[in-house]
Amino acid sequence: MASLDNLSSFDPFAESGDSKTQIANQIHIRCQQRNGRKTITTVQGIPSEYDLKRILKTLKKEFGCNGHINKDEELGDVLQFQGDQRQKVLDFLTTALEIPKTDIKMHGF
Amino acid sequence: MSETLFDPTLKKKKKSTKSKPAFVTEDEPSSGAKSTPASEMDDLSLGDGNEFEFKKKKKKSKSAAASAVDDFEAALEQAGVPNSTAPTNVADDVETVKGLEIEIGYQAPEGAEEVSYDKMLDRFFQILRENNPEMASDRQGVKYKIPPPIVGREGNKKTLFSNIKTISNKMHRPTEHVIHYLFAELGTSGSVDGSQRLVIKGKFQQKAIEGVLRRYIMEYVTCKTCKSVNTRLLKENRLYFLECNSCGSRRSVQSIKAGYQAVTRDARKKAHTTT
Ligand SMILES: [Zn+2]
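Residues numbered from 1 in each chain as written. Chains lettered and ligands numbered in written order. Predicted model: local features only at pLDDT ≥ 70, side-chain atom pairs only at ≥ 80, totals over all residues. Heavy atoms only, no water.

**Q** Would you mind going over the nonpolar core with me for this structure?
**A** Across soluble globular proteins, you tend to see nonpolar side chains buried next to one another. Counting 25 residues, the largest nonpolar core has Phe161, Met171, Leu182, Leu198, Ile200 and Ile209 of chain B as the members making the most contacts within it. If you list the elements that add at least two residues to this core, you get α8 (164–170), α9 (175–186), β4 (198–201) and α10 (206–220) of chain B. In terms of residues, this core owes the most to one element, α9 of chain B, which gives 7 residues. In this structure, Ile46, Tyr50, Phe92 and Ile104 of chain A belong to the second largest nonpolar core, which totals 20 residues. (Core = buried A, V, L, I, M, F, W, Y, C linked by side-chain atoms within 4.5 Å. Buried < 20%, exposed > 50% of the residue type's maximum accessible area, 1.4 Å probe, protein only. Helix = DSSP H or I, 4+ residues; strand = E, 2+ residues; numbered from the N terminus.)

This is the structure:
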């Protein structure tokens, strides 16, 4: 019995399939340099069941910065904030929206 | 004081002359207390609303789970009486089992096996280290070393990454691949100058570049199975695979995607001037 359980719990081929699906709906947080020491934070790939407008509004208030929603043809709606808000966005996504950290990828330096 | 505290009704009807200051001081915190719960309530309700509309399903599932837990607890309480009787039975069983063990003498070899697992593991690693130190080296904390990136400033807006060639050679990766990853992660562009140095647009600290390189190594150089860096990157019909030279494992790696790029004012200006 025990050996059977062990076999079923570990499947060496499951991983690749998992990561494939994860790549598709991963959230990417990026940071881009603008002129001087100014930066832009972009958040790409928030699942569509969340109300982006509402998230944007609360985050703008929380971070004290402006931001908007960019509609990209390929990548869907992308949130954009002024300044480097990556860590704060990550905290918000993990705590308020309860998105697992493995689904979020932080880019940049 | 105890009387004044005890009779709030008196205070409301008429304010007594002598204990007036005391009442004033009492009034203020009470009013404050009254106002703060209200504001807190407002905040709470707002927060609830927000969360609710972010994702509606969450709340329901939570409450359902909570009710399930309650049910479970209730069931536990109901089952409390049989539980109290159960341990005695178990103890009896254990006693009988012990008696069996002593009689048969079955437990002794198994126990010996359990103890020897650690020893066997130690012995395994000892032998492994003696015979092929490469495989066990990372477990010993001998880390993969690459020379630190030499990063300087070129002009006011550009960063010069001078030893990218040596670093990518050390990692056995094509320089273009490393450059591609750097640009995608940093969200910029740049070029390679005459003496194989990389010019990156934007200001970047050495530490930042180092962090990106570390992530590159994690993703495109180390073998996930044995943590070896002795690997090679293969491209097979548009898919990248990482194959390990020391353990032979193979995994697919993501192709580098730049993802979304915000249109900066510079880009807009450039587009405007060129057209
Ligand atoms: Zn390996």
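**Q** Any chance you could explain the interface of chain B and chain A here in plain terms?
**A** Counting residues at the interface gives 25 residues for chain B, matched by 28 residues for chain A. In total, about 2,700 Å² of surface goes out of reach between chain B and chain A, with carbon and sulfur atoms giving 49% of it. Our count for the chain B to chain A interface comes out at 1 salt bridge. For lysine 105 of chain A, the salt bridge is made with glutamate 219 of chain B, and the minimal N-O distance between the two is 3.1 Å. Remark: the boundary between chain B and chain A carries 4 residue pairs in polar contact (both at pLDDT 80 or more). Contributions of two or more residues to the side of chain B that touches chain A are made by α3 (20–54), α4 (56–78), α9 and α10 of chain B. Considering every element that reaches the side of chain B that touches chain A, the biggest residue donor is α10 of chain B, with 4 residues. Here the side of chain B that touches chain A is composed, by residue class, of 8 nonpolar, 7 polar and 10 charged. (Contact = heavy atoms within 4.5 Å. Buried area = accessible area lost by both parts, 1.4 Å probe. Salt bridge = Lys/Arg side-chain N within 4 Å of Asp/Glu carboxyl O. Polar contact = N/O pair within 3.5 Å; in protein donor to acceptor, adjacent residues only side chain to side chain. Nonpolar A, V, L, I, M, F, W, Y, C, P; charged D, E, K, R; others polar.)

**Q** Is there a simple way to think about the packing of aromatic side chains in this case?
**A** Within a pair of aromatic rings, the relevant descriptors are the distance that separates the centres and the angle that separates the planes. Taken as a whole, this structure holds 5 aromatic pairs over all chains when the rule is applied. Over the ring of phenylalanine 241 of chain B we find arginine 250 of chain B; its NZ or CZ atom is 4.7 Å from the centre of that ring. (Phe/Tyr/Trp six-rings, centres within 6.5 Å; stacked < 30°, edge-to-face > 60°. Lys NZ or Arg CZ within 6 Å of the ring centre and 35° of its normal.)

**Q** Got a minute to help me understand the coordination of the zinc ion in this structure?
**A** When a metal carries six donors in an octahedron, the ideal angles between them are 90 or 180 degrees, while four donors in a tetrahedron ideally lie at 109.5 degrees. All names here are of chain B. Taken together, Cys223 (SG), Cys226 (SG), Cys244 (SG) and Cys247 (SG) make up the protein donors of the zinc ion, found 2.3 Å from the metal. Sequence positions of the donors to the zinc ion reduce to the motif C-x2-C-x17-C-x2-C. Overall, cysteine 244 belongs to the buried group, its relative accessible area being 3%. (Donors = N, O, S within 2.8 Å, 3.2 Å for Na, K, Ca; no water.)

**Q** Any chance you could explain helix α4 (residues 86–95) of chain A here in plain terms?
**A** Helical geometry note: an α-helix holds 3.6 residues per turn, so side chains three or four residues apart project in the same direction. Here α4 of chain A has its buried residues at Arg86, Val89, Leu90, Phe92 and Leu93 of chain A. Along the long axis of α4 of chain A, the arc covered by the buried residues comes to 165°, so they all point the same way. (Arc of directions from axis to C-beta.)

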